[in-house]
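What the coordinates show
Now for the letters of each chain:
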Amino acid sequence: SSDLSTMACAQTGSGKTAAFLFPMISVILKAAPSQGGNGRSSYPRGLILAPTRELVQQIFDEARKFCYKTGLRCAVAYGGGENIRDQLRAVEAGADIIVAAPGRLVDFMERGKVKLPDVMFL
């Protein structure tokens, strides 16, 4: 049958996050400059969605490390309330890659803080 699906798993620390972040960062760096942000909202080129705030934070921490000294800016968006002001500030400053939980992403989009026409990677 051609209706086959594939599922793979690997242990923690095996490089799953790096496996999708490195190609994304490489292509974004080679692409023409984007709108970035206008001081009020971001036009990210990479958007990473994760179901829990813990996973969002873990992916964001890795993305920030991998983007160090590249000039690319990362932002995080997840619920839980403790640091929404910091998250909004980072998004408003302009982010090339946003790591988000779906609910908070929708919230930021409805507020006009995140705009998606430039997304190259989802």
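As a reminder, the structure under discussion sits directly above these lines.
Structural notes, computed from the coordinates.

A count of helical and extended segments in the protein gives four helices and five strands. Along the chain direction, N to C, the helices and strands of the protein fall in the order α-β-β-β-α-β-α-β-α. Here the C-alpha radius of gyration of the protein, 15 Å, is about what a compact globule of 122 residues would show, namely 14 Å. Classification of the 122 residues of the protein by burial places 37% in the buried group.

Before going further, it helps to spend a moment on the sheet that holds strand β5 (residues 97–100). Note on sheets: strands pair through backbone hydrogen bonds, and any given pair is parallel or antiparallel. What the three strands build is an open sheet, ordered β3-β5-β4; its pairing is parallel. The open sheet terminates on both sides in strands that have one partner only, identified here as β3 (46–49) and β4 (74–77). Within this sheet the neighbouring strands show an average axis-to-axis angle of 15°, counted without direction. Looking at chain direction, β3 and β5 are connected through four bridges and run parallel. The partner of G46 across the bridge, within β5, is I97.

Core analysis: the biggest nonpolar cluster contains 18 residues, and I25, I48, V56, C67, C74, I97 and V99 have the highest contact counts within it. Every element with two or more residues in this core is listed here: α1 (16–30), α2 (53–67), β4 and β5. Ranked by residues supplied to this core, first place goes to α2 with five residues. If near-sequence neighbours (up to four positions away) are discounted, I97 is found in contact with M24, I25, I28, G46, I48, C67, R73, C74 and A75.

Glancing now at the layout of surface pockets. For the largest pocket, the calculated volume is near 320 Å³. What lines the largest pocket is a set of 14 residues, and nearest its centre among them are G13, G15, K16, T17 and Q58. Those elements that place two or more of their residues in the lining of the largest pocket are α1 and α2. The element that contributes the greatest number of residues to the lining of the largest pocket is α2, accounting for five residues. Classifying every residue of the lining of the largest pocket gives five nonpolar, seven polar and two charged.

Cut-off values and rules
Counting restarts for each chain: residues are numbered from 1 in the order of the written sequence. Owing to the predicted nature of the model, reporting of local features is limited to residues with pLDDT of at least 70; listing and counting of side-chain atom pairs is limited to 80 or more, with chain, interface and lining totals taken over all residues. As a rule here, side-chain values cover all heavy atoms of the structure and leave hydrogens and water aside. Helical segments are the DSSP runs of H or I of at least four residues, strand segments are the runs of E of at least two, and each set is numbered from the N terminus. Only C-alpha atoms enter the radius of gyration, while the globule expectation follows 2.2 Å times N to the 0.38, with N the number of residues. Under the scheme applied here, a residue whose accessible area is under 20% of the maximum for its type counts as buried, over 50% as exposed, and between as partly exposed, the area being computed with a 1.4 Å probe on protein chains only. Paired strands, in this sense, are two strands between which DSSP finds at least two bridges. Helix axes use the C-alpha atoms of the stretch in contact, all axes being lines fitted to C-alpha atoms, and the angles between their N-to-C directions lie in the range 0 to 180 degrees. Among buried residues, the Ala, Val, Leu, Ile, Met, Phe, Trp, Tyr and Cys ones that are joined through side-chain atoms within 4.5 Å form a nonpolar core. In what follows, residue pairs with any heavy atoms lying within 4.5 Å of each other are defined as contacts. Residues are said to line a cavity or pocket when one of their atoms sits within 4 Å of a point; the points come from a 1 Å grid over protein atoms alone, cavities being sets where a 1.4 Å probe fits but cannot get out and pockets being open sets with protein on both sides within 12 Å along at least five of seven lines. Grid points are joined across faces, edges and corners, and a volume is the space filled by probe spheres set on the points. Residue classes follow a fixed rule: Ala, Val, Leu, Ile, Met, Phe, Trp, Tyr, Cys and Pro count as nonpolar, while Asp, Glu, Lys and Arg count as charged, and any other residue, Gly among them, counts as polar.

So far we have only geometry, and geometry alone does not tell us how the molecule works.
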